[in-house]
Number of protein chains: 2
Amino acid sequence: MSKFEEKTILSQEIFNGKIIKVSVDDVLLPNGETSIRELVKHQGAVAIIAVTKDQRVVMVEQYRKPLEKNLVEVPAGKLEPGEAPEVTAVRELEEETGFTTNQLEYVTSFYTTPGFCDERIYLYYTDKLIPLIEEKALDEDEFLDCETYTMEELDQLVKDERIHDLKTMYALQYLKLRGF
Amino acid sequence: MSKFEEKTILSQEIFNGKIIKVSVDDVLLPNGETSIRELVKHQGAVAIIAVTKDQRVVMVEQYRKPLEKNLVEVPAGKLEPGEAPEVTAVRELEEETGFTTNQLEYVTSFYTTPGFCDERIYLYYTDKLIPLIEEKALDEDEFLDCETYTMEELDQLVKDERIHDLKTMYALQYLKLRGF
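The numbering scheme is per chain: residues are counted from 1 as the chain's sequence reads. Chains carry letters from A onward and ligands carry numbers from 1 onward, assigned in written order. At least 70 in pLDDT is required for a residue's local features to be given in this predicted model, at least 80 for side-chain atom pairs to be given and counted, and no such filter applies to totals for whole chains, interfaces and linings, which use all residues. Excluded from the side-chain calculation are hydrogens and water; included are all heavy atoms of the structure.

(A) Structural context of the packing of aromatic side chains. Pairing of aromatic side chains requires ring centres within 6.5 Å, counting the rings of Phe and Tyr and the six-membered ring of Trp. Pairs whose planes differ by under 30 degrees are stacked, by over 60 edge-to-face, and all others tilted. Counted by the stated rule, this structure contains six aromatic pairs over all chains. Think of it as a cone above the ring: NZ of Lys or CZ of Arg counts as a charge over the ring if it is within 6 Å of the ring centre and within 35 degrees of the ring normal. Here Arg 178 of chain A stacks its cationic end above the ring of Tyr 125 of chain A, 3.7 Å away from the centre of that ring.

(B) Here's a closer look at the environment of Glu 6 of chain B. In this description a helix means any DSSP run of H or I spanning at least four residues, a strand means any run of E spanning at least two, and both kinds are numbered starting from the N terminus. Note that Glu 6 of chain B resides in the segment before strand S1 (7–16). Note on Glu 6 of chain B: relative accessible area 5%, which makes it buried. Here the alpha-carbon distance between Glu 6 of chain B and Ala 137 of chain B, two residues 131 residues apart in the chain, equals 44 Å. What makes two residues a contact is simply this: any of their non-hydrogen atoms within 4.5 Å. Ignoring any residue separated from it by four or fewer positions in sequence, one finds Glu 6 of chain B in contact with Tyr 63, Lys 65, Glu 68 and Asp 141 of chain A together with Val 27, Leu 28, Leu 29 and Arg 37 of chain B. Think of it in three bands: residues with accessible area under 20% of the maximum for their type are buried, residues over 50% are exposed, and the middle band is partly exposed, with areas taken using a 1.4 Å probe on protein chains only.

(C) Just helix H2 (residues 151–159) of chain A, in detail. All names here are of chain A. Looking only at H2, the buried set comprises Met 151, Leu 154 and Leu 157. Buried residues of H2, viewed axially, fall in a sector of 110 degrees; they line one side. Of the exposed residues in H2, those oriented more than 90 degrees away from the buried face are Glu 152 and Lys 159. Where the residues of H2 are buried, they touch strand S5 (57–64), strand S6 (69–73), strand S12 (144–149) and helix H3 (166–177). What the arc covers is the set of directions going from the helix axis to the C-beta atoms.

(D) Examining the relation of the copies chain A and chain B more closely. Superposition of chain A onto chain B requires a rotation of 180 degrees combined with a translation of 0.0 Å along the rotation axis, giving an RMSD of 0.0 Å. The superposition of one copy onto the other is thereby described by a two-fold rotation axis. A shared interface surface links the copies, since 100% of the contact residues of chain A are contact residues in chain B too. Least-squares superposition of the copies uses the C-alpha atoms of those residues scoring a pLDDT of at least 70 in each of them.

(E) A look at the pairing of strand S5 (residues 57–64) of chain B. Residue and element names in this part refer to chain B. Counting buried positions along S5 gives eight out of eight residues, so the element sits mostly inside the fold. Two elements, S5 and strand S12 (residues 144–149), share six bridges in a ladder whose sense is antiparallel. Across the sheet, residue Val 58 finds its bridge partner in S12, namely Thr 148. Relative to strand S6 (residues 69–73), S5 is paired through five bridges, and the arrangement is antiparallel. Along S6, the bridge assignment pairs Arg 64 with Lys 69. A strand pair is defined by DSSP finding two or more bridges across the two strands. Where S5 folds back on S6, the antiparallel hairpin that results is connected by four residues, among which Glu 68 adopts a positive phi of roughly 55 degrees.

(F) Fine view of the UniProt feature "domain: Nudix hydrolase" (unreviewed entry) in chain A. Summarizing the sequence annotation, UniProt attributes the feature "domain: Nudix hydrolase" (unreviewed entry) to residues 40–171 of chain A in the numbering used throughout. Secondary structure over residues 40–171 of chain A splits into 21% helix and 37% strand, and the C-alpha atoms at its two ends are 25 Å apart. UniProt positions are given in the numbering used here, feature names are shortened, and annotations may be inferred rather than shown by experiment.

(G) View of the interface of chain A and chain B. With 67 residues of chain A at the interface, the matching set in chain B holds 67 residues. Put simply, buried area is how much 1.4 Å-probe accessible surface two parts lose in total, over both of them, once they are put together. Carbon and sulfur atoms make up 67% of the surface buried where chain A meets chain B, a total of about 5900 Å² over both sides. Every case where a carboxyl oxygen of Asp or Glu lies within 4 Å of a side-chain nitrogen of Lys or Arg is listed as a salt bridge. Where chain A meets chain B, there are six salt bridges. Residues Asp 141 of chain B and Arg 37 of chain A are paired through a salt bridge, measuring 3.0 Å at the closest nitrogen-oxygen approach.

(H) Spatial organisation of the nonpolar core. Residues enter a nonpolar core if they are buried and are Ala, Val, Leu, Ile, Met, Phe, Trp, Tyr or Cys, with the set joined through side-chain atoms within 4.5 Å. Ranked by internal contacts, the top residues of the largest apolar core, which has 52 residues, are Ile 49, Met 59 and Leu 154 of chain A together with Ile 49, Met 59, Leu 154 and Tyr 170 of chain B. Leave out the neighbours within four places in its chain, and Leu 154 of chain A touches Val 57, Met 59, Tyr 149, Ile 163 and Leu 172 of chain A. Counting residues in each nonpolar core, the second largest holds 14 residues, with Phe 15 and Ile 20 of chain A together with Phe 15 and Ile 20 of chain B among its members.

(I) Structural detail: the pairing of strand S4 (residues 45–50) of chain A. Residue and element names in this part refer to chain A. For S4, the buried fraction is high: six of the six residues fall into the buried class. Side chains of S4 alternate between two faces, with Ala 45, Ala 47 and Ile 49 and Val 46, Ile 48 and Ala 50 buried alike. Bridge analysis of S4 against strand S10 (residues 120–126) gives six bridges, and the strand direction is parallel. Bridge pairing links Ala 45 to Ile 121 in S10.

Following this line, the structure appears as structure tokens:
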């Protein structure tokens, strides 16, 4: 048993969607009292830091409905059930950027919002990009632009809040620490 | 209008909780088709990078119900409605660590999971910590340990996946880039 463990007394499913599941759990606290926890379940995702031969970083721009605005982000996508993250990573790279790779380096993984959601993102790096001859289809409800940027341009995008999501901002720090 | 904008046709509230609200929206896609978006609304939060006089970083360890395990994280907490983030930051620092400060530096803000949730975290830095004479109460359903660590110890905690959340991993890279 973990210190501070909160034992589930009752779990009530609120929503079972395509992307998320939501439940409200009654939990037993370490002091013997009870409380409730609102929990979001997510399949997990991958993100890819993709660097071209001429030292530009591949980014995608898309509309993010929760924020009602466009963001520029590292290519990313949700895991399919049972799919190995490195398989997802190559598929998303191909669909979103028109590149593929046969050399993907695992960087790390992280939980995005551990307070209420179990989403875990697996982060990869590649600077061995191969242009695809034929374009791959995006998901039918997915619309995005793909562009490459220098680090100076990326820093400006952060200042302008066009890059404004944590995984992409982490990826840029990672590149700087790697000496990019 | 943003490129790729998705206009809301109908928004259906699924859940209105203490921490999150969930809705399912029918949207009009850029190509004239329709789709649905599962959206989580969150009040937003703050996180604080707190460094002691002897160059140790203040961290809190707590049980994260969505992951069913303990994580070591930078001190953090949710915004109260209408509260300025820097006010929340000092309050959470006091409650979770037993320190206060009169010198808080704004670092940046970021969206944690822009694909399905609008949570925005405001990140602060301080190395001007003042020990509180009297302990402040945590929320009644909150249990945590507060410890300080060297960067070497923090790197080991990341390897051991005891630090495993994105905001804390971002904070550690931030400290390294700052020359910590």
